[in-house]
Amino acid sequence: MSDERPIRSADQIHIRNIVPSTSRRSFLAGAGGAAAALLGGRLAGIENPLVSTALAAGTGFATPTYAPIPEGALGPPLNADGYFVGRISGELYWVTDSAYIALLVSTRDGVVLVDAPPTIGRNLLRAISAVTEANGRPSRVTHLVYSHSHTDHIGASFLFGSDVVRVGHRLCRELLLRDNDPHRPPPTVTFQDHFVLSVGGERLHLDYHGPNHSPDNIFIYAPDHGTLMFVDVLFPGWVPWYQLAVSQDIPDYIKSQQTAMGYEWRTLAAGHLGRLGTRADGELQIDYINDLVTSAQATMASLNPGPFFQQYGNNAWAIFKAYLDAASAQTAAPVTEKYLGKLAAADVYTSSNAFSIFEFALRENGGVLGPFGVHP
Ligand SMILES: [Zn+2]
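Bear in mind the structure is a predicted one, so any value in this text is a computation, not a measurement.

### Considerations on the sheet that holds strand 10 (residues 219–222)
Two strands in a sheet stick together by hydrogen bonds in their backbones, pointing the same way (parallel) or opposite ways (antiparallel). Strand order across the open sheet formed by five strands is 8-9-10-11-12, with mixed pairing between neighbours. At either end of the open sheet lies a strand with only one pairing partner, and these are strand 8 (194–199) and strand 12 (267–269). Across this sheet, the average inter-strand angle for adjacent strands is 20°, counted without regard to direction. Alignment of strand 10 against strand 11 (residues 227–229), held across three bridges, turns out to be antiparallel. Across the sheet, the residue bridging to Tyr-221 is Leu-228, located in strand 11.

Written out as structure tokens, the structure is:
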């Protein structure tokens with residue numbers, strides 16, 4: 001599936017296939033440098049496993065120590081400009097800054113770019129130059145596909161000017177018209193259920209299967225390359241980001257993981273972190289979610305809110321906060337233990353992911369209210 005031909009370019013980027021490097025440089029060791037520079041101060045206040053504790057020193061906030069990141073969770077080393085571009089197959093490439101991922105298809109008629117994360121920013125232009133200088137194809141970006149409207153995935157899309165054809169879901173356009181952000185011009189080509197984007201001998205299938213992480217998040221499938229791009233739902237090698245990637249509909253988020261696995265792909269571009277995914281990554285993430293649901297059900301059946309009522313009396317919010325904090329911790333405990341060493345940052349975000357499962361998969365949408373059910 002992969003083409004190993006190295007590509008030379010002025011800035012000596014190495015185009016590689018997707019086999020994870022066993023000699024990858026640990027950018028975490030220098031996280032005060034490359035990763036921190038990429039992520040910037042904007043993210044420094046959020047729990048972020050890519051930012052070293054050194055960044056947090058002196059801020060006055062607690063900085064817990066977490067388990068080391070499993071080697072297999074990390075992607076290839078970045079070049080001096082702070083990015084990596086690699087070949088997936090044929091003329092389909094991926095670009096990462098170790099926090100975000102974009103795809104680019106180099107066609108006979110120009111480049112189709114999928115997402116434009118602001119942290120990669122102008123390195124997208126450098127990656128495109130490297131690829132097209134090597135293969136002799138046109139470097140002009142003719143089409144820009146939006147996975148969804150969120151700024152962290154398309155906030156550099158303004159870099160590609162007003163001539164580029166922007167493609168996204170109908171709801172993506174509506175959300176971007178509302179946001180009115182000059183960094184994210186709304187798509188002008190939209191669709192409802194299915195759209196095939198054919199450019200210069202290459203094709204991408206764009207599918208909408210309903211809301212999941214966001215109302216407008218789509219599946220971007222390259223059938224000729226066995227590759228699916230689906231953003232903010234599956235996280236290869238890592239547990240999902242805070243509260244299941246702050247997803248807006250947890251039952252549909254869970255369902256969309258199965259929908260993703262229903263496509264015939266070998267390679268997953270999940271939009272985040274520094275490496276691509278395999279089907280084993282997808283299956284493991286689904287196992288993690290299933291284990292959270294099972295643990296949340298056990299917690300619902302066993303956790304007694306009585307002591308919280310006793311402690312907080314007429315402060316209803318304090319009672320619920322204490323109950324849900326305890327439920328999250330109890331739900332997370334066995335799952336964290338099981339996945340430490342298997343999924344990176346299991347000790348960082350499993351408790352907040354457990355909250356999303358307990359509150360939204362069970363209580364709010366599952367009708368499982370436990371001790372807060374119908375009064376007798
Ligand atoms: Zn998002």
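Don't stop here, the text continues.
### Considering the side chain of Glu-202
The residue Glu-202 is located in strand 9 (residues 202–207) in this model. Buried charge Glu-202 goes without a salt bridge, the closest partner of opposite sign being Arg-137 at 4.4 Å. Side chain to side chain, Glu-202 and His-225 meet in a polar contact 3.0 Å long. Not counting the four nearest positions on each side in its chain, Glu-202 is found in contact with Glu-91, Val-105, Thr-107, Arg-137, Leu-197 and His-225.

### A closer look at the packing of aromatic side chains
All told, the structure shown has 14 aromatic pairs when counted by the stated rule. Summarising the aromatic geometry, the rings of Phe-219 and Phe-230 are spaced 3.9 Å apart at their centres and angled 15° between planes, so their arrangement reads as stacked. Taken together, the residues span a long stretch of sequence, with Phe-219 in strand 10 and Phe-230 in the loop between strand 11 and helix 6 (242–246) at a distance of eleven residues. Grouping aromatic residues by their ring pairs yields a cluster made of Phe-309, Phe-320, Tyr-323, Phe-358 and Phe-372. The ring of Trp-265 carries Arg-279 above its face, with NZ or CZ at 4.7 Å from the centroid.

### Observations regarding the sheet that holds strand 5 (residues 141–145)
As summarised here, the arrangement of the seven strands in space is 1-2-3-4-5-6-7, forming an open sheet in which the pairing is mixed. With partners counted over all chains shown, the strands left at the sheet margins are strand 1 (84–89) and strand 7 (189–191), one partner each. Taking each pair of neighbouring strands and ignoring which way they run, the sheet shows an average axis angle of 20°. Together, strand 1, strand 2 (92–96), strand 3 (101–107), strand 4 (110–114) and strand 5 form the strand contacts of helix 3 (residues 123–135), whose direction differs from that of strand 3 by roughly 30°.

### Section: helix 11 (residues 346–366)
The terminal C-alpha atoms of helix 11, which comprises 21 residues, lie only 25 Å apart, well short of the 30 Å expected from a rise of 1.5 Å per residue. Maximal helix bending in helix 11 amounts to about 25°, located at Phe-360. Most of helix 11 sits inside the fold, with 15 of its 21 residues counted as buried. Immediately beyond the C-terminal end of helix 11, within one or two residues, lies Gly-367, with a positive phi of roughly 70°.

What counts, and where the lines are drawn
- Each chain has its residues counted from 1, running along the sequence as written.
- Local features in a predicted model are, by the rule used here, given only for residues with pLDDT of at least 70; side-chain atom pairs are given and counted only at 80 or more, and totals for whole chains, interfaces and linings are based on all residues.
- The basis for every side-chain value is the complete set of heavy atoms in the structure, and neither hydrogens nor water enter the calculation.
- Here the rule is simple: two strands pair whenever DSSP picks up at least two bridges between them.
- Put simply, DSSP H or I for four residues or longer makes a helix, DSSP E for two residues or longer makes a strand, and each gets a number counted from the N terminus.
- Lines fitted to C-alpha atoms define the axes, with helix axes restricted to the stretch in contact, and inter-axis angles between N-to-C directions lie between 0 and 180 degrees.
- Burial status follows relative accessibility: with a 1.4 Å probe on protein chains alone, a residue under 20% of its type maximum counts as buried, one over 50% as exposed, and anything between as partly exposed.
- The sign given to each residue is positive for Lys and Arg and negative for Asp and Glu; His and the chain ends receive no count.
- One side-chain nitrogen of Lys or Arg within 4 Å of one carboxyl oxygen of Asp or Glu is enough to make a salt bridge.
- Polar contacts here mean pairs of N or O atoms no more than 3.5 Å apart (in protein, one a potential hydrogen donor and the other a potential acceptor; neighbouring residues in sequence count only if both atoms are side-chain atoms).
- What makes two residues a contact is simply this: any of their non-hydrogen atoms within 4.5 Å.
- Whether two aromatic rings pair depends on their centres lying within 6.5 Å, for rings of Phe, Tyr and Trp, where Trp uses its six-membered ring; planes under 30 degrees apart make the pair stacked, over 60 edge-to-face, and the rest tilted.
- Think of it as a cone above the ring: NZ of Lys or CZ of Arg counts as a charge over the ring if it is within 6 Å of the ring centre and within 35 degrees of the ring normal.
- Multiplying 1.5 Å by the helix residue count minus one yields the expected span of that helix.
- In this analysis the local bend is the angle between axes fitted, respectively, to the seven residues ending at and the seven residues starting at the residue.

Shape is all these values report; function is a separate question.
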